[in-house]
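Secondary and tertiary structure notes
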Amino acid sequence: QVQLVESGGGLVQAGGSLRLSCVASGRTFSRDVMGWFRQAPGKEREFVAGISVSDGRTKYTTSVNGRFTISRDNAKNTVYLQMNSLKPDDTAVYYCAADLDKNYIFTISTYYDYWGQGTQVTVSS
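Here the structure is a predicted model, which is why all the values come from computation and not from measurement.

**Topic: the sheet that holds strand 3 (residues 18–25)**
- The 4 strands lie next to each other as 1-3-8-7, forming an open sheet whose pairing is antiparallel. Edge positions in the sheet fall to strand 1 (3–7) and strand 7 (68–73), since each of these pairs with one other strand and no more. Averaged over neighbouring strand pairs, the angle between their axes works out to 15° when direction is ignored.
- With 6 bridges connecting them, strand 7 and strand 8 (residues 78–83) associate as antiparallel partners. Looking at strand 8, one finds that Ile70 is bridged to Leu81.

**Some thoughts on the environment of Ile105**
- Its location among the elements puts Ile105 in the loop between strand 9 (92–99) and strand 10 (114–115).
- Judged by its relative accessible area of 3%, Ile105 is buried.
- Separated by 71 residues in the primary sequence, Ile105 and Met34 have C-alpha atoms spaced 8.2 Å apart.
- Ile105 has contacts with Val33, Phe47, Gly50, Ile51, Ser52, Arg57, Thr58, Lys59 and Tyr112, leaving out every residue within four places of it along the chain.

**Quick word on the pairing of strand 5 (residues 46–52)**
- In terms of burial, strand 5 is largely enclosed, as 6 of its 7 residues are buried.
- Turn length for the strand 4 (residues 33–39)-strand 5 hairpin, with the two strands adjacent in sequence and antiparallel, is 6 residues, and the turn residue Gly42 shows positive phi of about 75°.
- When strand 5 meets strand 6 (residues 58–60), the two strands line up antiparallel, connected through 3 bridges. Each residue of the ladder has a partner; that of Gly50, found in strand 6, is Lys59.
- Here strand 5 hands over to strand 6 after 5 residues, with Gly56 in that stretch at a positive phi of 80°.

**Re the packing of aromatic side chains**
- Overall, the coordinates contain 7 aromatic pairs when judged by the stated rule.
- Centre to centre, the rings of Phe37 and Tyr112 are 5.1 Å apart; their planes meet at 80°, and the pair counts as edge-to-face. Of this pair, Phe37 sits in strand 4 while Tyr112 sits in the loop between strand 9 and strand 10, and the two are 75 residues apart along the sequence.
- Residue classification places Phe37 among the buried residues on the basis of a relative accessible area of 0%.
- A relative accessible area of 5% places Tyr112 in the buried class.

**Describing unusual backbone geometry**
- In the Ramachandran plot, Ser85 falls in the positive-phi region, its phi being about 50° despite a non-glycine side chain.
- On the secondary structure map, Ser85 appears in the loop between strand 8 and strand 9.
- Within the chain, Asp101 stands out as a residue other than glycine whose phi angle is a positive 55°.
- By the element assignment, Asp101 lies in the loop between strand 9 and strand 10.
- Since its relative accessible area comes to 44%, Asp101 is described here as partly exposed.

**Points about the layout of surface pockets**
- In this structure, the largest pocket encloses a volume near 200 Å³.
- For the largest pocket, the lining is made up of 14 residues, of which Arg38, Ala40, Lys43, Glu46 and Asp89 are closest to its centre.

Parameters and conventions
Residues numbered from 1 in each chain as written. Predicted model: local features only at pLDDT ≥ 70, side-chain atom pairs only at ≥ 80, totals over all residues. Heavy atoms only, no water. Pairing = 2+ DSSP bridges. Helix = DSSP H or I, 4+ residues; strand = E, 2+ residues; numbered from the N terminus. Axes fitted to C-alpha atoms, helices over the stretch in contact; angles between N-to-C directions. Buried < 20%, exposed > 50% of the residue type's maximum accessible area, 1.4 Å probe, protein only. Contact = heavy atoms within 4.5 Å. Phe/Tyr/Trp six-rings, centres within 6.5 Å; stacked < 30°, edge-to-face > 60°. 1 Å grid on protein atoms, 1.4 Å probe; cavity = no way out; pocket = protein on both sides within 12 Å on 5 of 7 lines; lining within 4 Å. Points joined across faces, edges and corners; volume = space filled by probe spheres on them.

What follows is the structure in structure tokens.
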């Protein structure tokens, strides 16, 4: 059974940084895509960033381009989301997700097979 566990959320002032981690278990991730999504109160869940585990290709939503960086450590089965220059609009619950046996980084949440429980990120102005 695949499990994803996020950590690293918290409260930070605008302009600050946080690094989220997602530890995966129950499978050796090799030909999969890992993604980060977020959901703010009253809004739909939206794609933030994704990475191909096999070759490291990445994709970002426009609003975080140049501020967020997704990376992976295959030896640790862990995916990271480094978030810099945080803005109040980045406040949301952040979810890690896995799209198994895929090479294309989808931005639609329904393509993803497994989800973590989420970690809260709050950016104060």
